[in-house]
Structure formats: structure tokens, C-alpha cells
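# Survey of secondary and tertiary structure
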Amino acid sequence: MAEPPQRSPHLRRDGAWVGASVPRREDPRLLAGRGRFVDDIVLPGMLHAQFVRSTEAHAEILSVDLSEVRAVPGVVAAYSAADLNLRGVTALLDRPPHEFVPTAMPVLAHDRARYVGEPVAIVVARDPYAVEDGVEAAIVEYAPLQPVVSDTAALAEGAPLVHAEAPRNTLVDVSLFATEGIDAIFDEAHTVVEVHTKTGRQNALPLETRGVVADWDDRDEQLRVQTCSQVPHQVRTVLARCVGLDEKQVRVIVPDMGGGFGQKCVVGREEIAAAAAALRLRRPVKWIEDRRDALTAAFLAREQRYAVRAAFSAEGEILALDADVVCDMGAYSCYPFTAGIEPLMASAEMPGVYKIPAYRVRGRAVTTNKAPTAPYRGVSRPQYVMVVERVFEKAARALGLDAVELRRRNVITVFPYKGVNDITYDPGSYLESLDLCEQTLRDEGWFSRRSDENRVIGIGFSCFSERTGYGSGAFAQRRMEVVPGFDISEIRMDLNGTVSVTTGTLSHGQSHETTMAQIVADRLGIPYDRVKIVQGDTDRITYGWGSFASRSITIGGSAVAAASVKLGDQLREIAAHLLEADVDSAELDGAGGVRVGDRSLSFAEIADVAYLKAHLLPKGVGPGLSATASFDVGGDGTFSNATHGVVVELDPGTGGIEILRYVCVEDCGVAIHPQVVEGQARGGIAQGIAGALFEQVTYDDAGQPLAPSFMEYKVPTAAEIPDVRIEHLETPCAFTESGAKGAGEGGTIGAPAAVLNAVNDALRHTGVELDDTPVPREAIFRALEKA
Amino acid sequence: MIQLIELTVNGERHDLAIEPRRTLVDVLRHDLGLTGTHVGCEHGICGACTVLVDGAPARACLLFAAQVEGAEIRTVESLAEPDGTLNDLQRCFSEHHGLQCGFCTPGMLMLAEGYLAEEPEATKEEIREVVASNLCRCTGYQTIVEAIDDCASRRRAAFQDQLDRSTA
Amino acid sequence: MKPAAFTYHRARTTAGAVGLLTELGDDAKVIAGGQSLVAMMNFRLARPEHLVDITHVEGLAGIRRDGDSLRLGALTTHRAVEKADLGDFAVLSRAMRWVGHLPIRTRGTVGGSIAHADAAAEWCLLAVLLDARIRAEGPSGVREIRAVDFFRGPFTTALQPDELIVEVVFPRPAPRAALTEYADRRGDFALVAAAVDLDADRVVLGGVAPTPVLVERAGTAEEIAGALELRDEPGISAHYRRGLVRTLVQRARKEASRG
């Protein structure tokens, strides 16, 4: 049994466990190589699936001939769309036709191929080698059409249509805000700055690719689907619908998961096709996405174009923000979020941490002949934060002010604050984080090094907040067909006083087995290793929305806490009765029991009565020890915030970029497990740096992917990612059960802006400004060459 | 065509009848059930499949099992005691939060194990350069470098301690 | 990403390997460290019907000083060279840090890298720079090919299908030589690589042509860069590449002058 840990002195907490960086419950098995990831699962008679994928970016499919595939040694079956006849997947927004055009994503392409890598047929064989031999033998006849490979091409007059039902290749076109009189503000403003930027298409790139093992279980009369998904209940619903089963006939189980970052929080077509094959063959079928497919045909993200103007007064007050956002969503709307995910996020949240009195925005999602997109860690926020932070840098130059000082004059300091975007911000430490971040870099001597004339050094900042408690109300504003938000927990105490508790969220690296257990441990006064967290199984969990949008600790953690409190009340009631005392005099003793005065009963003793001597229970109290609670966030949710400060050095001889220093001052409210919070920040920052400087999914003019391997898709290594100094501030959330705000995405959100600002600061003497990411080294080389 | 090969993994000999095109990582995982070694890219860049071949870290996705007959293969399963007690390197990873999802972890562990055996005096910067061999998408690498560096320091201290005691 | 089927042959001697290559002809491919070949096979970009594994051939690995010259057995790994104390051939050890990463260097071999003939590969540059002799064994015995004559085009060499590289001989010491590279990310193939030997007044460039480019009696870095025929390519202009050449030649010379 674990001992309560030493408290870390600088953080508030409500008990012995929350706030302590205890050993992770996940670690022993993962370190010993004894985790269970999807590809580790082996079932008797299991077959292996792969997909015949479109070689054309845009084409009519004239015929699919699988006869030679079926003749390949080892191949057991091969199915085209016509063979399986599955219902397609359609994600919906409740918006009028001029704002949203629904499009169906077929499980297997039948009449039309819309991107290179789109699945056209599934091949099933006895081993993973033979199945690739089989895939090679497929003969698919295409009549190529002109592909649409960029947002500008998609919107061009007379462009070919990716979906016949979507004119101008536009799936979403929303204008959520337009402050009256905004044009006049721009006309009269002292200073107007513009930012035009394009961000590269990225891959969320969980190191474990997508995968599934599906089998029909005759005893349970169930299709059992073990898959690495962030949203198992969504997979169950869509899968059941596509293959024509009811919900109880599908069980989705999520084993250990090697990262997700959003790519796995939508429903993919491959897992549906593999499950359909398993159903047909009545044999287990495994599909493991290989890296080439993961790089070219998995859900992508982040390719956006911004045209933004901002008006400032002579004193450096921001007066108005006017933005046009175009998101290249690729070939299909993802389920359940739709192609609206990126433009809606950008439109709703762009004013961010600043007091902006007037705001106008148009957000569009266009469809192109590229692999479709899904939410990716931060969703649009890395981009719009980058744009807004570039606005402040440019305005500072135009106004002759220091950029940090300009931010200081404009960040929200009085809370709650109702923004021009109709969102009420709960308290945060926007100004404090900015001050501390700048001071830290100053104290470390970076500002004096910046002025060394023999070196090309720049310093950049980004100041931002991030809504992490998207409850049902906040999500309802998106007007999706399904509205995520709440979470439900069931808690049960067993005979020896140990506890198991369900959560509808699920960890894929975030340490929920540890952090959720810490929350329960404090509520019940038991060591955290007496608590088992149950996650990722649609048969064992009432209903769950899964893990995305930094919602797990804020919402899932609150549900877990609420269920624990209910169970605690039950324990008190029974104990009071057994001790013949008033329930109000009974309290949890913090040591695994209930105390009434100087007498106490251990949980094991109470459980003994609840299960084995039920006749001793008080009247009206049923046998057993269990409780259910749910949690939702009312209002507009909660906001985590941070300031990032980055120092870069540029190499005039090569255009190379080195990050010399990275400081992150973050505030996610109460940190349940500070080490985990820091891990989330560091990992997030690495992904943000990747987007700013390294990674890009590229295509040629014919829509052929140019980055099918890690040779071209340049994931940064330990040699490129710097150490990060992290400082914590703590503004507790008033309405989550533990005071925590979300911590999963902030690192990724803040990094591109700070890095890009630092690069531009280093280029300050050249007259060149670079606003697109990933930053091309050649552009730096040329800028410095001229200077 | 099927080929008979004999592999020595974690000190245990195995006789296998396999197609020669099977890579070492697939044979370890699927033929021997040693699923601790992971597959991340199958082209030698991510390093999730890193194992030790005669003590040296190698990409198990870039080797055919048939090529390493007669070699001593070590995988992540060899690090902990049979009762589950973690070794010093594994404990350092846990203490420093050098893993999140755990998918790259076995490769990182074997990379570090092989490297530290050869270079016990490695500096933190040298360790960072070696960690750059493998990809991790969760941690940002800092805590992995710190974990390995800490393990190296502890091993050096323990060795020095042993020397001091044997000369005392 | 699983390779197509092939027949595996294990050679025990160089003669045995040559015999197999002679018998199997164009359908056969030699595998040594396999660090490039297996990746290409996993993508099915290479699909040999026969693989002749030479890693079990005795005596093909090793570093030997022979008078003025240094002889590297074909199976010598990058890592062995990196770790060796090579005295006035230390440029070879130092250059190894540019070859992929540690787990690649423990398996990849000198002979394999030269036979693969990537125009930006370190061994190809070093071989040309130091006027190495590549010793190849075929049915009629061993012949020596000068490195400058060996690389014929991208991934194309003077090696016959029935020949096997057995040794690479570096004829004379190069105490003042260096190799340096630029890539956006550590361990990647270089955008441009430059190797210099100050005593021989030679510069070799990688990443600027289908084979390593040798410049003898080289002038200034500016002149070397200016003389190259380069074309704009997607994502990298001729101008930028020329600039990288200039920088890297300067940096390699600086490193070399420190010895």
C-alpha cells in the first residue's frame, strides 16, 4: 500500500494525494514491455487485413477486380464496396444549407475516389505478409478527374467539385460575429496592421498507428471491437449503424493506446471495414495501419489560411479584429465533429486573452482531394494564437512600442470577463504569466545576449488561454448533431475496501489511471493504489464522450470526484447506523474508515456488512456499495492560460534555426499531478515546435503525397527539441470538483506563435518578416544574406 | 518457402520455421510472443523496435530474422526481474516521467541500455544525441534524457562505491 | 510495409558469395547491414528474388593499417570506424557522427554504403576525397576500382552483378581533412555535404549532383560554389544550395585546419 506523499509546498490541494507527483500506476507494465496495445492482441484463427487504396487523387472508379487477389496464396477474402454494401458515415451540423453542406464518407470508395490512399477494397489473409501480396494483385480501373489540391484551387471560379453537392467546394461557411460599426473603427484607427499567413498541413502522428482487432463472439452475441480510439462510444454507434447491428451487439474496448492527439477521436472507415469483414467471415480480423498509410491516408489537420486586420489606437489599445479563415479540410467531414471543427473553433475563440471591443470573422471549410482531417491537439488555436500574436508584434513595431508592453496594455485582467465573442472567461493569470515569463528570460540574461552583434538571436513570446471545460452548453453552440460535454462515473467498493471507478474519458498517455485515482483517494481518504480506474469499454461504462479537448480531468475528473463523494455518504450512513450514531456526526477519517467520535469502522468492516451481513443495514439502504454521478460544465467553461518565451539563434550560413531557450509559465488551476502537467506541457511544446519548424504534409500538383515516409515528414528529435523550463501559476477553477483546468493542449497552442515571433525578432534588422509555417530555412538564409 | 532458423532471445533458444522475408521485429512479436518490442515505422527511423543484437542497439525492422542466427538478441522483456521488479534504468524512466503513452519506451530503454553498457561515462549531451536516434511523440524528450543521465550517474556512483569498498 | 517474398542464401566465404551471385544473376542482391536495402524492401521499392547474406562471411570486417594505407573490410560497421583510434585517418571516425544514428551505425557497413552509392552518403564522399580503391571480388578474382571511377550515377556503380566489395583501401593519411553537412533535422541525409582534404587540395561535395562531385586544386569556397551547375528543385533553389556549398566548404576547411 502506498504511503501518502510529501506535499509540494507551492501548490494548493484539497487532500494528501492531489497535488503530489506520485509514481504512475501505468509505468510498471509499460516499462516492462507488458502493456497491451492493439497489435499485441492475438486471437485464435485471427486474420490480417489491409486495404487496396486509391492511387488517384480524384477519379471515377470504373471497376474493381479482386479475382486475382483471391488467388494469392494466403488470402482468405477480398471485398469491394459492392461486396460489403455498408452504410456510409455522415457527420452533421444543425445549420442552414448556406452555412453547412453535409457529405457522406463511404466506408469503401465505390463510384469516386477523392484522395490518394482512400480505401477502395479490403483484403484479408492469414498473415500480414500475404495480405500485402494480395493488395498488390488488385486491379482497379480509374478515369482520372482534375484534382483540387489547395484551398485557393478549391475556391477558384469553375473549380472541379470534390463533392457534387458542395458548390465552390465549400462545406462550411459561417460568419459568427460582426460587431456593428467595425468598418468605421478601421477607417478611423491610428494604426492598422495585417497578417496573412498559411500554416502547413500536419499529421498528429501518434507513434502507435491506428488499428483494430474485431471478432464476433457467439456466446455474447456481440461484435467485439478492440481498437485504439479516443471515443469508443462514438465508434460503437457508427459501427452498429454501418453494419446493421444494434448498440448492445457491439462492444468497443480500448486497450493501451500509443498516443492519439485527436487523430483517434473521430471514427475511421478502416475499423468499420475490418469489423464488417470479421462479421462476414466469423473470424477475428486485425488491421494495423502501416506508417506509409498513416502518413498519407490517416486523418490530418492544421492547413489553414488567415487574412487578418487589427486596428490600434495611438496608445496601443486594440480596437478591432477582422479575420477571414479558410481551412483545407481535405476530402471528407469527420465524424462526429464535421469539417466545421477548425473554422468554428477559430471563429469562436480568436479574440483570446485580449480585450477586443469589436470583432468580425468569417470561417470556411473547403474540401480538397487530400486525406481528410480530424481535430488535432489545440484545434485551430495554434494557428489563430500565432496570427494574433503576430498582430501584436507587428503593431508594436508600427507603434514603436515594446511588444510585451503592448500585450500588457491589452490582456484581460478583470474576471469574469465577457468577451466580444459572447464568451465569459473565468479567472486566469494572463498578466501574471506574461510578466513572469519575460522576467525569467531577463533574469537569465537573454535580453543582453540578444544584442550581441556577432550573433543572430531573437526572443519571442506568446500569451494565450485555452478553453478546456467544454460542457454540453458550450458544445451546443457548435450545433453538432451530437453534443458532447458531460461525463458519468460509477464507483463501487468491494469487500476489502478497495474501489473501482469508471470514467467515460480514457487515457492514451495522460496518466488517468494515476490522476483519477488521486482524486478518488482524497475524496475517500484511502491510498491511491486502492483505487482501480476502469476506462475504455462500452460494456463496462454507461456512456462516455472519451478524451479530447483537454476535458478528461476537468469533466471526467469531476464526475469521478462526485461519485466518490456519494459513496462516502453511503459509507457514513451505514457506519453511523452500526455505531448507533447520527449520520451527521459520522465523518471519513482519512485513513480508510468512518469515525464517530472516538469510535471508527474501517471500510472493509462496512463493506463486510453491505455485502455479507445485509440484514444489519439501516432501513431503506440496499445491499452493496456503489454510486453513480455525472458532471457537466454549465456556462462557458473554464480557461487555462500560459505565456511562452522562446530564444532562437539563426545561422546565416545555412538558414538553420536553433532554439536556445524555452520558458513556459502555465496556469491550469490545481495541478493534480505536477509532473504529469509538466509532461503534457513539454510534449505539447514539442508538437508545436514541430509544426512551426519541421513537419508538413505536402502534395504535388496531381495530388500525390510527397511525404510518405519519415524521411520527408520530419518529426523532430531530441537534437531539435530544447529543454523547457516550466513555471506554475495556480488560479483554481471555481466549478470543477478539484479546481483543475485542462492541461493537455496548451503546450501545442503556444509554441508556434512564440517560435515564429522569435524567428522574426532575430530577423528584425533585415526588413523581412516570415509568417508562414513551417518556416522555410531558405527564406531565413535569403533574408540574412541580403542584410 | 519456409526456412528453419534458430534464434537466441533473452538467453532462450528458439527453433522456428518461417518465411525468410520475416523481419526480426515481426518474429519477436508474432512468432515468439514478445510484444514488448513495438513497430512504429518499418523503415528504420522511429526506433520503436530497437533491440540489442550482440549488445548493440539495432533496428529490428531493418533486419531479417534469418540474418541474426547465432547472435544474442535482447528485448525489453529481459530488463525487469521475473517477479516484475524493474531494473535501475526502468525505475529512472518512471521517476523522471520519461514515458507517457509508453509506445516508444521499449525502444528508448534498449537504446539506452546498449549505449550505457558501451559508454558508461557518457555526458548528458552525448546521451541527448543518442536519444535523437528514436522518436517520441509525448514527452518532448527532456525527461527521457534526464532519466538516462540519472541512471548513468547512479551506475557510476555505485561502481565507484564498489571500488572504494574493495580497496578499503 | 512487408517485403515481397525472396529466397535467402547465406554465404560463408567471399567465393561462395560470388558463386551465388554468378548463378543467380540480376535477380540477386547482396545484403550486408541492410540499413538502406531493407527499408526499400519494406516499401517494396526493392524486390530482389534472391538475397545473398554476406554478414556471416569470416574476415570481411576489420580495420587494418598497412604501411601508409588504411584497409577497411567491407563489413566493417560505421560504429567500429567511429570508435577506432585511426591516428592520421581520424577524419573517417569524425565523419561517422553524420551517418544516421547509433542503431544505424551499429549495423550499417562501409562496403554496403559504398555499394548503395547514395550521392550524399558520407562514405561515398570520403572514398572520392581520399582517392580510395574499392576492391571487388568477382568470378575472375579481385580487381581494384578507384572511387572516382566507381560512382556512375544515382545508386549506380561500376560494380558488376556478380561482384562483391570486399575491402576499401585508403592509400594515404589525411591528417588535415574534414567532412560536414547540413540538414534541417539531425541524422537526415544531407541537403549538402562537403568534405575537404587540405593537403591534397581536394573538395568533394554531396547533394549537388547524382554522384559525389570532386573539385581538385580547389579555389575559394565562393569559386567552388559558383562553378557548380545546379537547378532549382521543389523546396530548394539553386541559389540556396550554392550558399550551403559555400558555407559548408568554409566550415569543413576550418575544421580540417584544426586537424
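The preceding data block contains the structure.
Nothing here was measured: the structure is a model prediction, and the numbers come from that model.

Procedures and definitions
- Residues numbered from 1 in each chain as written.
- Chains lettered and ligands numbered in written order.
- Predicted model: local features only at pLDDT ≥ 70, side-chain atom pairs only at ≥ 80, totals over all residues.
- Heavy atoms only, no water.
- Helix = DSSP H or I, 4+ residues; strand = E, 2+ residues; numbered from the N terminus.
- Contact = heavy atoms within 4.5 Å.
- Buried area = accessible area lost by both parts, 1.4 Å probe.
- Salt bridge = Lys/Arg side-chain N within 4 Å of Asp/Glu carboxyl O.
- Pairing = 2+ DSSP bridges.
- Core = buried A, V, L, I, M, F, W, Y, C linked by side-chain atoms within 4.5 Å.
- Buried < 20%, exposed > 50% of the residue type's maximum accessible area, 1.4 Å probe, protein only.
- Phe/Tyr/Trp six-rings, centres within 6.5 Å; stacked < 30°, edge-to-face > 60°.
- Lys NZ or Arg CZ within 6 Å of the ring centre and 35° of its normal.

## Structural notes on the environment of Ala314(A)
Among the structural elements, Ala314(A) can be located in the loop between strand S15 (304-312) and strand S16 (318-328). Sequence separation between Ala314(A) and Thr191(A) is 123 residues; the distance between their C-alpha atoms is 7.0 Å.

## Points about the interface of chain A and chain C
One frequently used descriptor of interface size is the decrease in accessible area upon assembly of the parts. Listed as interface residues are 30 residues of chain A and, on the opposing side, 22 residues of chain C. Carbon and sulfur atoms make up 52% of the surface buried where chain A meets chain C, a total of about 2,200 Å² over both sides. Contact with chain C buries area across many residues of chain A, yet Arg292(A), Thr654(A) and Glu778(A) alone supply 22% of it, more than any other trio. Counting across the interface, chain A meets chain C through 6 salt bridges.

## A closer look at the sheet that holds strand S8 (residues 139-144) of chain A
Residue and element names in this part refer to chain A. Across the sheet, 3 strands lie side by side as S6-S2-S8; this open sheet has antiparallel pairing. Strand pairing shows two members of the sheet lacking a second neighbour, strand S6 (112-113) and S8, which therefore form its edges. Where strand S2 (residues 59-65) lies against S6, 2 bridges are found, and the strand directions are antiparallel. Bridge pairing in S6 links glutamate 60 to arginine 112.

## Examining the nonpolar core
With 219 residues, the main nonpolar core has Ile122(A), Phe312(A), Met350(A), Tyr662(A), Ile689(A) and Phe93(B) as its most contacted residues. In terms of residue count, the dominant contributor to this core is helix H11 (residues 381-399) of chain A (10 residues). In this structure, Ile122(A) is in contact with Ala49(A), Gln50(A), Phe51(A), Ala77(A), Ala78(A), Tyr79(A), Leu84(A), Leu108(A), Ala273(A), Ala274(A) and Ala277(A), ignoring residues within four places of it in sequence. Core analysis: the next-biggest nonpolar cluster, separate from the first, contains 46 residues, Met516(A), Ile574(A), Phe603(A) and Ala627(A) among them.

## Let's talk about the packing of aromatic side chains
Residues and elements named next belong to chain A. Going through the model one piece at a time under the given rule, you end up with 20 aromatic pairs over all chains. Ring pairs connect the aromatic residues Phe337, Tyr470, Phe475 and Phe548, which therefore count as one cluster. The side chain of arginine 25 reaches across the aromatic face of tyrosine 528, ending 5.8 Å from its centre. Over the ring of phenylalanine 694 we find arginine 777, and its NZ or CZ is 5.1 Å from the ring centre.

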